[in-house]
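One letter stands for each residue in the lines below.
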Amino acid sequence: MVQLYYGFGKGKTSAAAGAAVRAAGNGMRVIFAQFFKDGKSGEIKVLRDIPGITVLLPKSDYKLFENMTDMRKKEIFEDYTKLLRSAFERENDCDMIILDEALDAYTGGFVDRELFLSCIKSCRDKLEIIVTGHAKSDDIADAADYVTEFTAVRHPYEKGVKARRGIEY
């Protein structure tokens, strides 16, 4: 089945990481592909050490809100499309694929959208797929069996508190 975790509330990546741990704890093999992050967060460090979980990262750390040239956008598009392909090329060697922050790559035009939807639709009956990100995409939501919205009611960012190691990353 396909699970979509989206919204501007905290906890999407944590929920996806928890699903990966639960799956691996039950003998499942998991691919955890992460977009728009640098691979240095606490959950990635731990996930790499868990038998049955393979972490895939892009070749470079791309900041989601940086001003980008067309050349930089093309570079990200190619890298993220390669990351997506790499995850789904392993579909026969895993039981779950997690595409963390891939919804932002999809809605932002940083990944081949046709390939993305095709991969999800063709693999949905073979394995569990979890997609996380901020802004909901109707076509991804329509393809999903679970759709969960994370809504921030209150967050310390509003008071100027920066992300804290071990809590937000």
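Scroll up to find the structure this text is about.
How each quantity is defined
- Residues numbered from 1 in each chain as written.
- Predicted model: local features only at pLDDT ≥ 70, side-chain atom pairs only at ≥ 80, totals over all residues.
- Heavy atoms only, no water.
- Helix = DSSP H or I, 4+ residues; strand = E, 2+ residues; numbered from the N terminus.
- Buried < 20%, exposed > 50% of the residue type's maximum accessible area, 1.4 Å probe, protein only.
- Polar contact = N/O pair within 3.5 Å; in protein donor to acceptor, adjacent residues only side chain to side chain.
- Contact = heavy atoms within 4.5 Å.
- Core = buried A, V, L, I, M, F, W, Y, C linked by side-chain atoms within 4.5 Å.
- Salt bridge = Lys/Arg side-chain N within 4 Å of Asp/Glu carboxyl O.
- Expected span 1.5 Å × (residues − 1).
- Arc of directions from axis to C-beta.
- Phe/Tyr/Trp six-rings, centres within 6.5 Å; stacked < 30°, edge-to-face > 60°.

Remarks on the side chain of serine 137
Phase 1: With respect to the secondary-structure elements, serine 137 resides in the loop between β5 (128-133) and α6 (138-143).
Phase 2: Looking at serine 137, the relative accessible area reads 7%, which means it is buried.
Phase 3: One polar contact links serine 137 to aspartate 139, side chain to side chain, over a distance of 2.3 Å.
Phase 4: Among residues more than four places away in sequence, those in contact with serine 137 are Leu103, Tyr106 and Thr107.

Describing the nonpolar core
Phase 1: One finds Phe35, Phe88, Leu99, Phe116, Ile120 and Val131 to be the most contacted residues of the largest nonpolar core, which totals 37 residues.
Phase 2: If you list the elements that add at least two residues to this core, you get β1 (2-7), β2 (30-34), α3 (70-89), β4 (96-100), α4 (102-107), α5 (113-123), β5 and α6.
Phase 3: With sequence-adjacent residues up to four places away left out, phenylalanine 116 is seen in contact with Leu84, Leu99, Ala102, Tyr106, Val111, Val131 and Ile140.
Phase 4: Formed by 17 residues, the second largest nonpolar core is a distinct cluster that contains Ala16, Ala24, Met96 and Ile98.

A closer look at the pattern of salt bridges
Phase 1: Here the structure, examined in full by the defined rule, presents nine salt bridges.
Phase 2: Across the pair glutamate 91 and lysine 126 runs a salt bridge whose closest N-O atoms are separated by 2.6 Å. Taken together, the residues span a long stretch of sequence, with glutamate 91 in the loop between α3 and β4 and lysine 126 in the loop between α5 and β5 at a distance of 35 residues.
Phase 3: The exposure class of glutamate 91 is buried, given its relative accessible area of 19%.
Phase 4: In this structure lysine 126 comes out as exposed when scored by relative accessible area, which is 54%.

Regarding helix α1 (residues 12-25)
Phase 1: Here α1 is 14 residues long and its end C-alpha atoms lie 20 Å apart, about the 20 Å a rise of 1.5 Å per residue gives.
Phase 2: Along α1, the positions that sit buried rather than exposed are Lys12, Thr13, Ala16, Ala17, Ala19, Ala20, Ala23 and Ala24. Projected onto a plane normal to the axis of α1, the buried residues spread over an arc of 155 degrees and lie on a single side. Away from the buried face of α1 by more than 90 degrees, exposed residues Arg22 and Gly25 are located.
Phase 3: Positive phi appears at glycine 27, one or two residues downstream of α1, with a value of about 85 degrees.

Some remarks on the packing of aromatic side chains
Phase 1: Enumeration over the complete set of coordinates arrives at five aromatic pairs.
Phase 2: An angle of 85 degrees between the planes, with centres 5.7 Å apart, marks the rings of phenylalanine 36 and phenylalanine 110 as edge-to-face. You can see phenylalanine 36 sitting in the loop between β2 and α2 (42-47) and its partner phenylalanine 110 sitting in the loop between α4 and α5, a full 74 residues away along the chain. With respect to burial, phenylalanine 36 and phenylalanine 110 carry one shared label: buried.
Phase 3: Among the aromatic residues, those joined into a ring-pair cluster are Phe35, Phe36, Tyr80 and Phe110.

So, the environment of serine 118
Phase 1: Along the polypeptide, serine 118 turns up in helix α5.
Phase 2: Distance from serine 118 to glutamate 149, taken between C-alpha atoms, is 23 Å for residues 31 residues apart in sequence.

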